[in-house]
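One letter stands for each residue in the lines below.
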Amino acid sequence: MALPPLAKQFLTHLQTERGRSEKTIENYRRSLVWFFKVTNVREVSLITEKHVQAFQRHLQKQRGAAGVALSVRTRNYHCTALRMFLAYVATRQVRTLSPRHVPLAPVLPTPPRVISTATWKCLRKAPNIRTVEGKRDAAILALLGEAG
């Protein structure tokens, strides 16, 4: 499916004026193509909250390469691309849905991973303190041990 002209302009804007990487442009393009394909919207000015909801339902049903459902962070990434596009459209004086109407799902914070005492002891013994690098590494580990 071809993107609307404003979407193409947005991707060019990201690259030339915002300095985004090729990978970011590629990912945003994929998100926008997906949105326009799922919703069958042809004109940017016709985007509604119902289209956004349909897109979000579609994202919830999708499976990744390993057959696992897309994570909340991944779904939010696709919605963020849509939000950025709608914000860009607003700067071009085109009336469409406000980016505020593209909600993001709450993301639970990832708990810190704690290593076991046995693993910590192995790490502390690992540097070869006969070398300069080993002494440096041992000092860094000692500092980390005191900070934790």
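Only a predicted model underlies this, so the values are computations on that prediction, with no experimental measurement involved. Here the residue numbers are simple positions, counted from 1 along each chain's written sequence. Only residues with pLDDT of at least 70 are given local features in this predicted model, and only at 80 or more are side-chain atom pairs given and counted; all residues enter the totals for whole chains, interfaces and linings. To obtain the side-chain values, all non-hydrogen atoms of the structure were used and water was disregarded.

Novice: Can you help me understand the pattern of salt bridges in this one?
Specialist: It is possible for side chains of opposite charge to pair when their charged atoms get near one another. Salt bridge, as used here, is a side-chain nitrogen of Lys or Arg placed within 4 Å of a carboxyl oxygen of Asp or Glu. For the coordinates displayed, the defined rule picks out 3 salt bridges. Residue D137 is joined to R136 by a salt bridge in which the shortest nitrogen-to-oxygen separation is 2.8 Å. Residue class for D137 comes out partly exposed when judged on its relative accessible area of 30%. Each of the salt bridges in this network shares a partner with another, and the network as a whole consists of K23, E26 and R30. Categorising residues by exposure relies on relative accessible area from a 1.4 Å probe, with only protein chains included: less than 20% of the type maximum marks a residue as buried, more than 50% marks it as exposed, and the intermediate range marks it as partly exposed.

Novice: What's the story with the nonpolar core in this structure? I'm lost.
Specialist: A general trend in soluble globular proteins is that nonpolar side chains are found buried together. Buried residues of nine kinds, namely Ala, Val, Leu, Ile, Met, Phe, Trp, Tyr and Cys, make up a nonpolar core once their side-chain atoms join them within 4.5 Å. Ranked by size, the top nonpolar core spans 27 residues in total, and within it F10, L11, L32, F36, I47, L82 and F85 carry the most contacts. When contributions to this core are tallied by element, the ones reaching two or more residues are helix 1 (5–16), helix 2 (22–39), helix 3 (49–61) and helix 4 (72–91). Helix and strand assignments follow DSSP, with helices taken as H or I runs no shorter than four residues and strands as E runs no shorter than two, numbered in order from the N terminus. Broken down by element, this core gets its largest block of residues, 7 residues, from helix 4.

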